[in-house]
Amino acid sequence: WQTENKSNRKPNNVDVVALEDDKKEVKMTKKKPFELVACTWTSASHNRRGDGATITDGKERLQEWIAFHLLVGFDHIVVYDNTGANSNPNETTSTLKDVTDKFGPNLVTHVDWPCKICNNNKPANADPGERSSQYAAEASCRGRFAPYTE
């Protein structure tokens, strides 16, 4: 979830070919590795808004969600694991990695994402605003995986 400069990066399936008169043409050299990717931001447990009930079946829900999405045609799933944001630092908390590992790295990518909030306003704003880190995870997923997806 750190910021990286992507201005000099290009997907591994793109070549820029020089043409006459200093023109350039982009040619796809090979197929991208993914056809359809799904991203999800989730946690092993969380407190529900409103009544504060603790939901603890996140692993079971995630396993079913991944299996369903692979069944209906997604060829890769990216799981942004927000478990660390909801756990007590003095407790040993199990992440969702054991669930994602059941499917293998060719089908599922696990990203540890222990952020609680992200700032959605301009720097030095009197009201920095708070939004769920889900928004930042979504942007990260698009930035990391869109270049490799058809």
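Every value quoted in this text rests on a predicted model; they were computed, and no experiment measured them.

Another aspect to go through is the packing of aromatic side chains. Here the structure, examined in full by the defined rule, presents one aromatic pair. Aromatic side chains Tyr80 and Trp113 sit 5.0 Å apart centroid to centroid with 80 degrees between the ring planes, which places their arrangement in the edge-to-face category. Placement of Tyr80 in strand β6 (residues 76–81) and of Trp113 in the loop between β7 (108–112) and β8 (117–118) is noted, with a sequence separation of 33 residues between them. Given a relative accessible area of 1%, Tyr80 falls into the buried group.

Turning next to the sheet that holds β6. In spatial order, the strands read β3-β6-β7; together these three strands make up an open sheet with parallel pairing. Since the sheet does not close on itself, it has two edges, and those belong to β3 (37–42) and β7, each with one partner. When strand polarity is set aside, the average angle formed by the axes of neighbouring strands in this sheet is 15 degrees. Sheet topology note: the β6/β7 ladder contains five bridges and is parallel. The residue bridging Asp81 from the neighbouring strand is Asp112, located in β7. Together, β3, β6 and β7 form the strand contacts of helix α1 (residues 58–71), whose direction differs from that of β6 by roughly 155 degrees.

Summed over the entire model, instances satisfying the criterion amount to five salt bridges. For Glu35, the salt bridge is made with Lys31, and the minimal N-O distance between the two is 2.7 Å. For Lys31, a relative accessible area of 60% gives the class exposed. We note a salt bridge from Lys59 to Asp98, for which the minimum N-O separation is 3.1 Å.

Rules behind the numbers
Residues numbered from 1 in each chain as written. Predicted model: local features only at pLDDT ≥ 70, side-chain atom pairs only at ≥ 80, totals over all residues. Heavy atoms only, no water. Phe/Tyr/Trp six-rings, centres within 6.5 Å; stacked < 30°, edge-to-face > 60°. Helix = DSSP H or I, 4+ residues; strand = E, 2+ residues; numbered from the N terminus. Buried < 20%, exposed > 50% of the residue type's maximum accessible area, 1.4 Å probe, protein only. Pairing = 2+ DSSP bridges. Axes fitted to C-alpha atoms, helices over the stretch in contact; angles between N-to-C directions. Contact = heavy atoms within 4.5 Å. Salt bridge = Lys/Arg side-chain N within 4 Å of Asp/Glu carboxyl O.

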